[in-house]
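# Geometric and topological summary
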Amino acid sequence: MVEVNRPDRRVRHQRGKSDPIDAVNAARAVLAGTATATPKSSEGTVKMIGHTKIAHDTAVKARTQAMATVKVPEELREQLTGLSKMARRERCAGLRPDLIGNSVASAKCPCTN
């Protein structure tokens, strides 16, 4: 298997733009020894960016699923409505449960959700 450079623009312009013509030109480049492209490695910066993107996408998906499953009592929802995401996050982080005897107290307790 040989890595081939992108098609020569001059040749593509003269002979037209199509996959069969590009395949023939690639085969000719290999036979002529002018196909000198270096294959992409599976390591390096591009791979690291890919891993970072996968981690980000996974975190976003998990956050979305978590927000979709949270059931908040109306009384607590009224306190959080209208706040920005950051303010809502800080307010929720600061919630402390009373004795767990009702749904509002249990919604404030992270150990029961």
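What comes next is a walk through the structure. Given the structure is predicted, the values throughout are model-derived calculations rather than measurements. (Residues numbered from 1 in each chain as written. Predicted model: local features only at pLDDT ≥ 70, side-chain atom pairs only at ≥ 80, totals over all residues. Heavy atoms only, no water.)

## Structural notes on the overall build of the protein
Inclusion rule: Helix numbering and strand numbering both begin at the N terminus, where a helix is a DSSP run of H or I of at least 4 residues and a strand a DSSP run of E of at least 2. Type-normalised accessible area, obtained with a 1.4 Å probe on protein chains alone, sets the label of each residue: buried when under 20%, exposed when over 50%, and partly exposed for intermediate values. Computed with a 1.4 Å probe, the accessible areas rest on the Shrake-Rupley method; for each residue, only the protein chains presented here act as cover.
Within the protein, the regular secondary structure consists of 6 helices and 0 strands. In the protein, the succession of helices and strands from N to C terminus is α-α-α-α-α-α. Relative to its 113 residues, the protein shows a buried fraction of 12%. As displayed, the protein offers around 9,600 Å² of accessible surface, 58% of which is attributable to carbon and sulfur atoms.

## Focus: helix α2 (residues 19-32)
Note the threshold: Expected helix span is given by 1.5 Å per residue-to-residue step, counting one fewer step than there are residues. In this description, the arc belongs to the directions extending from the helix axis to the C-beta atoms. When checking whether two residues touch, look at their non-hydrogen atoms; a contact exists if any pair is within 4.5 Å.
Compared with an ideal rise of 1.5 Å per residue, which puts 14 residues at 20 Å, α2 spans 20 Å between its outermost C-alpha atoms and is within 8% of the ideal. Looking only at α2, the buried set comprises Asp22, Asn25 and Ala29. Viewed end-on, α2 has its buried residues packed into an arc of 65°, placing them on one side of the element. For α2, exposure combined with an orientation more than 90 degrees from the buried face picks out Pro20 and Leu31. Buried residues along α2 sit against α1 (9-15). Backbone geometry just after α2 places Gly33 at a positive phi near 80°.

## Thoughts on a positive patch on the surface
In plain terms, the rule: Residues enter a patch when their relative accessible area is above 30% and they make no salt bridge; the linking distance is 9 Å between like charges and 5 Å between nonpolar side chains (Val, Leu, Ile, Met, Phe, Trp, Tyr). Each salt bridge in this description consists of a side-chain nitrogen of Lys or Arg and a carboxyl oxygen of Asp or Glu lying within 4 Å of one another. The charge count includes Lys and Arg as positive and Asp and Glu as negative, but it does not include His or the ends of the chains. Charge placement uses NZ in Lys and CZ in Arg. For Asp and Glu, CG and CD serve respectively.
On the surface, a cluster of positive charge is contributed by Arg63, Lys85, Arg88 and Arg89. Per element, the largest residue contribution to the positive patch is 3 residues, and it comes from helix α5 (residues 85-93). Mapped onto the elements, Arg88 comes out in helix α5.

## Let's talk about the pattern of salt bridges
Side chains that differ in sign of charge can pair as their charged atoms come close. Scanning the model with the defined rule gives 1 salt bridge in all. The shortest N-O distance in the salt bridge between Lys53 and Asp57 comes to 2.6 Å. Of this pair, Lys53 and Asp57 both sit in helix α3 (residues 45-69), separated by 4 residues, roughly a single helical turn.

## Concerning the side chain of Asn25
Here Asn25 lies in helix α2. A residue is classified by how much of its surface remains accessible, and Asn25, at 16% relative accessible area, is buried. Discounting residues that sit within four places of it in the chain, Asn25 has contacts with Val11 and Arg15.

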